[in-house]
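# Notes for the structure review
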Amino acid sequence: MTYLAKGRRRDLLELAETLGLTIQDNFKILDIKDAILNSEGYDAEFTCECLNRIISDRKELELRAEREKENQRQFELQKLQITTNTSTTSDSNMPKQLTFLKVPIQQWVVYLVGLLPTEVSNSITKESFADAQDYYKVKQILLKRFKLSAEKFRQMFSRHTKDPVKTWRDFYFDLQTYFDGWLKESKVTTLEELKDLIVADQIKKENPSRLQRSLFGPVV
């Protein structure tokens, strides 16, 4: 029957289980379909309804998992942005923007919290009232909480792979965020320092045990 064509293998297996059928592990999709169609007491209408419900439930679970994954991804990226983009220096963009807009410094925390995930903003409420109202103290709290080492950024950059459900633009943004964090935490500011960082990283990949003993020591 044509309605079976819209089900994936896992859907058909669940349908077969619902119908009380035993399916061998080596059964292909066509074998499973044949087993369903040739089952004792086969009822096309009932079987179709069962399959529609199974597919609907599966899609709902996939959508929920995708949403949770996206929320987690956004949360992780926002944590990284706090680390890489929110600095304690006087040239931070946010204070400049708020000053230009003539927003009272007492309200800066409100703007900062508005950019954060709920999980992060809730953590600020655990601080004392005075600290929770102080923009610079709140920023220090966030930086301390989400501080990532240069090595962690390096691993995230080198091991990151594109998620099939995400765009290449998202992939580029992720890599750029990790790379920027790696450079910042490594205190790389010149081209020569960048070259040294990349060369050292390549050496570490080739011979990590020797590098741990001494990067510039004698090679044995």
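So, here is what we can say about the structure in this document. Computed from a predicted structure; not experimentally measured. (Residues numbered from 1 in each chain as written. Predicted model: local features only at pLDDT ≥ 70, side-chain atom pairs only at ≥ 80, totals over all residues. Heavy atoms only, no water.)

## Comments concerning the nonpolar core
- Judged by nonpolar contacts, Tyr3, Leu4, Leu12, Leu15, Ala16, Ile23, Ile32, Ile36, Cys50, Leu51, Ile54 and Ile55 together constitute the single largest core of 12 residues.
- Of all the secondary structure elements, the ones that give two or more residues to this core are helix H1 (9-18), helix H2 (29-37) and helix H3 (44-85).
- At four residues, H3 tops the list of elements feeding residues into this core.
- Filtering out sequence-adjacent residues up to four positions away, Leu15 remains in contact with Leu4, Ile36, Thr47, Cys50, Leu51 and Ile54.
- Counting residues in each nonpolar core, the second largest holds seven residues, with Val103, Trp108, Ile124 and Ala132 among its members. (Core = buried A, V, L, I, M, F, W, Y, C linked by side-chain atoms within 4.5 Å. Buried < 20%, exposed > 50% of the residue type's maximum accessible area, 1.4 Å probe, protein only. Helix = DSSP H or I, 4+ residues; strand = E, 2+ residues; numbered from the N terminus. Contact = heavy atoms within 4.5 Å.)

## Structural notes on the pattern of salt bridges
- Overall, the coordinates contain nine salt bridges when judged by the stated rule.
- Across the pair Arg8 and Glu62 runs a salt bridge, and its minimum N-O distance is 2.9 Å. Taken together, the residues span a long stretch of sequence, with Arg8 in the segment before H1 and Glu62 in helix H3 at a distance of 54 residues.
- For Glu62, a relative accessible area of 29% corresponds to the partly exposed category.
- Across the salt bridge formed by Glu62 and Arg10, the nearest N and O atoms sit 3.9 Å from each other. You can see Glu62 sitting in helix H3 and its partner Arg10 sitting in helix H1, a full 52 residues away along the chain.
- Within the structure, one salt-bridge network assembled from shared partners comprises Arg8, Arg10, Asp11, Arg58 and Glu62. (Salt bridge = Lys/Arg side-chain N within 4 Å of Asp/Glu carboxyl O.)

## Some remarks on the environment of Leu15
- The topology assignment puts Leu15 in helix H1.
- Along the primary structure Leu15 and Cys50 are separated by 35 residues, whereas in three dimensions their C-alpha atoms are 6.8 Å apart.

## Here we look at the state of the cysteines
- Summed over the entire model, instances satisfying the criterion amount to zero disulfides.
- With no disulfide of its own, Cys50 lies 9.3 Å from the sulfur of Cys48, the closest cysteine sulfur. (Disulfide = S-S within 2.5 Å.)

## Let's talk about the packing of H1 against H2
- Close contact between H1 and H2 brings their axes to 10 Å; oriented N to C, the two are set at 25°. As summarised for this structure, H1 and H2 are arranged roughly parallel, according to the angle between their axes. Along this stretch, H1 crosses H2, giving a crossing that reads as left-handed. Where H1 approaches H2, its residues Arg9, Leu12, Leu13, Leu15 and Ala16 are matched on the opposing element by Ile29, Ile32, Lys33 and Ile36.
- The class makeup of the residues in the contact of H1 with H2 is seven nonpolar, no polar and two charged. (Axes fitted to C-alpha atoms, helices over the stretch in contact; angles between N-to-C directions. Parallel < 35°, antiparallel > 145°, perpendicular 65-115°, else oblique. Left-handed = near helix turned anticlockwise from the far one by under 90°. Nonpolar A, V, L, I, M, F, W, Y, C, P; charged D, E, K, R; others polar.)

The values are spatial; any link to function lies outside them.
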